[in-house]
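In case you want the letters, here they are:
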Amino acid sequence: MRGIQVKNFGISFGNMEILKNLSFDVKEGEIVTILGPSGSGKSTILRSIASLQTHYEGEIYLNETCLLNHHSSCHKEIGYIFQDYALFPHLNVKENIGFALYSLSKVEKQRRVDELLKQFDLVEHRNKQIHELSGGQQQRVSIARVIAYNPRILLLDEPFSNLDSILRNKTKLWLKDVIKNLGLSAILVTHDQKEALSISDKIGVIQNKTLVQFSTPQELYHHPINLYVAKFLGDINILPKEVVDHFNLKIKTDQTPIIRTHHCKISQNMTPFKMCVDKLSYCGDYFEVTLTFQEIIKTHITLNVDTTFELHDKKNIYLEIDPKDILLVNTI
Ligand code: ADP
Ligand code: MG
């Protein structure tokens, strides 16, 4: 298989085990995201694939060649985009982009750099020093510098974490286009589920030092393997007893009934679920509303409601739940 295969990967630092028994494939042309909280070992996986870290268990294959055995010949295929960009502060934009092109003649190098400056919308900044650029421009330079030497595999460590939210959205779509147009295989690591859902062909979720689920964004979102994955992929409500009883749900002892927040709606009509507004939080386009059942204050449901809706504390409303939106997931 062309692409990357990670097989039974494990790593410890001292006596601290960070990851164990982790396996996944990245086929040629695929974007795979590894999603996990801070400190779960995401950067360590990328460092190991780039052979910057070699004391691990298991094997990593690049186009069916084991990296540990053929380290030196494979690393040219890999481009690594670091979280902090790792640009050379003493070189200007042009020099940073051309840095790895030492094997080209002066004329060829110039042509390649000009091509990349255009492609990455950096022509007017070509003579600037790195500290004179915005975060978004620095990131484009860091990607151009790597693309310059035509890697087949891109490793991206939290590539959007230093960008503000508007730029982050734009950059996500742009980067996906760059990767797909060049037909690269990419592994991206992030703790941000929205990023993962929108950019990836496949996502792997780290829980308890290993990958608990590895599948398409749609599959992960609609069929999470457990409560942890469900929560990591988006806001959920654990359904209170009133709802479970009403729909007569048959729940096994190791299962939890959940519903995505966006599937909970306020009904214009009477429903079996009469609720009381407990907390109201204004979020611009919508209110985040916490509802409680009339008498039992302990159970609550959170949902988002259009701000045109008349709402105030203690107002009574009816909650609408479609039983087909209820998921039963493993608790652990
Ligand atoms: P993430 O990228 O998911 O935030 P990292 O891969 O950076 O996580 O780190 C995972 C854990 O491994 C952290 O607890 C970190 O302190 C530890 N770690 C990473 N690299 C080293 C190292 N070279 N030596 C010792 N501990 C390390
Ligand atoms: Mg990291």
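Structure: see above.
Residues numbered from 1 in each chain as written. Chains lettered and ligands numbered in written order. Predicted model: local features only at pLDDT ≥ 70, side-chain atom pairs only at ≥ 80, totals over all residues. Heavy atoms only, no water.

> Got a sec to walk through the site of ligand 1? Specific residues and values, please.
In the vicinity of ligand 1, the contacting residues are F13, M16, I18, P37, S38, G39, S40, G41, K42, S43 and T44. G39 places a main-chain nitrogen or oxygen 2.7 Å from an oxygen atom of ligand 1. For ligand 1, an oxygen atom lies 3.0 Å from a polar atom in the backbone of G41. Alone, ligand 1 offers 560 Å² of accessible surface; in the complex the protein occludes 58% of this. Listed by contribution, the elements that provide at least two residues to the shell around ligand 1 are β2 (16–27) and α1 (42–49). A per-element tally of the shell around ligand 1 places α1 first, with three residues. (Near = heavy atom within 4 Å. Polar contact = N/O pair within 3.5 Å; in protein donor to acceptor, adjacent residues only side chain to side chain. Areas by Shrake-Rupley, 256 points an atom, 1.4 Å probe, with all protein chains shown as cover. Helix = DSSP H or I, 4+ residues; strand = E, 2+ residues; numbered from the N terminus.)

> Hey, could you go over the packing of aromatic side chains for me, with residue numbers and the actual values?
Taken as a whole, this structure holds nine aromatic pairs when the rule is applied. A ring pair is formed by F9 and Y56, whose centres lie 5.2 Å apart and whose planes are at 45°; its orientation type is tilted. Highlighted residues: F9 in strand β1 (residues 3–13) and Y56 in the loop between α1 and β4 (57–62), separated in sequence by 47 residues. In this pair, the class of F9 matches that of Y56, namely buried. Aromatic pair F120 and W174: ring centres 5.4 Å apart, planes at 85°, arrangement edge-to-face. (Phe/Tyr/Trp six-rings, centres within 6.5 Å; stacked < 30°, edge-to-face > 60°. Buried < 20%, exposed > 50% of the residue type's maximum accessible area, 1.4 Å probe, protein only.)

> Could you give an account of the sheet that holds strand β10 (residues 210–215), with specific residues and numbers?
Spatial strand order, β6-β7-β8-β3-β9-β10: six strands in an open sheet with mixed pairing. Every interior strand has two partners, whereas the edge strands, β6 (78–81) and β10, have only one. With direction set aside, neighbouring strand axes in the sheet form an average angle of 15°. By the bridge criterion, five bridges tie strand β9 (residues 202–207) to β10 in an arrangement that is antiparallel. (Pairing = 2+ DSSP bridges. Axes fitted to C-alpha atoms, helices over the stretch in contact; angles between N-to-C directions.)

> Outline the nonpolar core, supporting the account with residue identities and numerical values.
Among soluble globular proteins, nonpolar side chains are generally buried collectively. One finds I97, F120, V141, I147, L154, L156 and I179 to be the most contacted residues of the largest nonpolar core, which totals 31 residues. The element that contributes the greatest number of residues to this core is helix α5 (residues 135–147), accounting for five residues. Contact partners of L154, with chain neighbours within four places excluded, come to G79, I81, V146, I147, I179, L184, S185, A186 and I187. If you look at the next biggest cluster of nonpolar residues, it comprises 27 residues, including V6, L19, I49 and I187. (Core = buried A, V, L, I, M, F, W, Y, C linked by side-chain atoms within 4.5 Å. Contact = heavy atoms within 4.5 Å.)

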